[in-house]
Amino acid sequence: MDLDDIAARLGVDVEDIERVHRLAGDLPSAPLPDRAAAPAILDRLAVPPDDAAEIMAGWPGPGSELWTPELRWLLDRSIALVRADLGGHAWLSPGPELPRDRGPAWRHLYVYAYLALVDVVRGYHRDHGIDDAVSWVTLADLGRNLGVDRRMRGEGWPVMQSWLTLHARGGLYELGRLQYQRGGTGIDLHIPDSGPMTPELVAASLDEARAFFPRHFPDEPYTAFSCGSWLLDPQLLEYLPEDSNIVRFQQRFELEPYEEPEGLDANVEVRRFVFRTLTTPLDQLPRGTVLQRAVIDHLKAGRHWRWRRGSFPIS
């Protein structure tokens, strides 16, 4: 198909389609699971019922009228693009953001790509001796993110579709309370929305990671855990009690000098994670927790949150 025509039919910039074509080329894609097996897989991936119903309704089976030639091209090439970087651990966009109001095929195209890669990345995990239980817990972040996106009325997915390529390539693992992203000399920590972040749960997760990476990736000598997050902003100390889970998490890290992150607005990220909305006026946001009150009062005072990076030795 002509790339200009594909872009026009999808309503996206041709540069985005050229990028997909350049990275995927003629590389092999991967098949989706059998439709009959899909409900059980979606359940293992913790996909909420409403999202699972939409995904099944838009399933890209043979002859489906929902799947135009340009959508099928993008699905196939997106799968190939991500699969080509199996083992990679940098953020990767699987393709352009699509108009989401055109139906389930458009809304969930990158979910179908993720489903096609589940067995691919589980094979990668097996090659590295990783237990299948870790694979499924890690990959079930799909369901968590779909639930967040539904709460955010679609505002979350543009970020999430790139984030989830880490899981689908073996670049990230969920071990207890935290998620761990490979790469460089340090392992990046991420904090999923999965309940309290007590010091005990954090310590147990870190211990698990200290054993996990030397065992399964012995050729990658990591020396530090690192994290980039608004949760490391020292301004939170003005609002939170000393024994709060966030403060005690901060105390593990030595912060790097502050630099304004390119293309990232910490105020937006705080609102995304604390309130799961980017459009609700400050006066209408809930004030039920100390953290919620801190975020609102800080912003209403005309101040700004900061994205900070820090690290601490693994050993």
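Residues numbered from 1 in each chain as written. Predicted model: local features only at pLDDT ≥ 70, side-chain atom pairs only at ≥ 80, totals over all residues. Heavy atoms only, no water.

Caption draft 1: How the structure looks around the packing of aromatic side chains. Scanning the entire structure with this criterion turns up 15 aromatic pairs. Between Tyr173 and Phe212, the aromatic rings sit 5.2 Å apart at their centres with planes inclined by 50°, giving tilted as the arrangement. With Tyr173 in strand S1 (residues 172–175) and Phe212 in helix H11 (residues 199–216), the pair connects residues that are 39 residues apart, well separated along the chain. Judged by centre distance (6.4 Å) and plane angle (75°), the rings of Tyr173 and Phe213 are edge-to-face. Within this pair, whereas Tyr173 is found in strand S1, its partner Phe213 is found in helix H11, the two being separated by 40 residues in sequence. The same class applies to Tyr173 and to Phe213, which are both buried. Sitting over the ring of Trp106, Arg102 keeps its end group 4.4 Å from the ring centre. (Phe/Tyr/Trp six-rings, centres within 6.5 Å; stacked < 30°, edge-to-face > 60°. Helix = DSSP H or I, 4+ residues; strand = E, 2+ residues; numbered from the N terminus. Buried < 20%, exposed > 50% of the residue type's maximum accessible area, 1.4 Å probe, protein only. Lys NZ or Arg CZ within 6 Å of the ring centre and 35° of its normal.)

Caption draft 2: Region of interest: the pattern of salt bridges. Throughout the structure, instances matching the rule amount to 19 salt bridges. Between Arg9 and Asp5 there is a salt bridge, and its shortest N-O distance comes to 2.9 Å. Here the residue Arg9 and the residue Asp5 both occupy positions in helix H1 (residues 3–10), the gap between them amounting to four residues, near one helical turn. Owing to a relative accessible area of 46%, Arg9 belongs among the partly exposed residues under this scheme. (Salt bridge = Lys/Arg side-chain N within 4 Å of Asp/Glu carboxyl O.)

Caption draft 3: Structural detail: helix H2 (residues 14–24). Within H2, burial applies to Ile17, Val20 and Ala24. Along the axis of H2, the buried positions cluster into a sector of 60°, meaning they face one direction only. Every exposed residue of H2 that faces more than 90 degrees away from the buried side is listed here: Glu15 and Arg22. If you follow the buried residues of H2, they end up packed against H1 and helix H5 (69–84). (Arc of directions from axis to C-beta. Contact = heavy atoms within 4.5 Å.)

Caption draft 4: Layout of empty space enclosed by the protein. Across all of its chains, the model carries two cavities of 30 Å³ or more by this definition. Of the volumes computed, that of the largest cavity is approximately 100 Å³. Pro94, Tyr110, Tyr114, Gln161 and Thr165 are the residues nearest the centre of the largest cavity, which is lined by 14 residues in total. Those elements that place two or more of their residues in the lining of the largest cavity are H5, helix H7 (109–127) and helix H10 (157–168). Residues belonging to the lining of the largest cavity are distributed by class as follows: eleven nonpolar, three polar and no charged. (1 Å grid on protein atoms, 1.4 Å probe; cavity = no way out; pocket = protein on both sides within 12 Å on 5 of 7 lines; lining within 4 Å. Points joined across faces, edges and corners; volume = space filled by probe spheres on them. Nonpolar A, V, L, I, M, F, W, Y, C, P; charged D, E, K, R; others polar.)

Caption draft 5: Molecular detail of the sheet that holds strand S5 (residues 254–255). On the basis of which strands lie adjacent, the open sheet formed by six strands has the order S1-S2-S3-S4-S6-S5 and mixed pairing. The sheet is open, and its two borders are formed by S1 and S5, each paired with just one other strand. Across four bridges, S1 lies against strand S2 (residues 178–181) in antiparallel orientation. In the strand pairing of S2, Glu174 is matched with Gln179. (Pairing = 2+ DSSP bridges.)

Caption draft 6: The nonpolar core, seen in detail. If you look at the biggest cluster of nonpolar residues, it comprises 52 residues, and the most contacted ones within it are Leu10, Leu45, Ile55, Leu98, Leu115 and Leu142. Take this core: its biggest share by element is twelve residues, from H7. Here Ile55 is in contact with Leu42, Val47, His108, Val111, Tyr112, Leu115 and Leu146, once residues within four sequence places are set aside. (Core = buried A, V, L, I, M, F, W, Y, C linked by side-chain atoms within 4.5 Å.)

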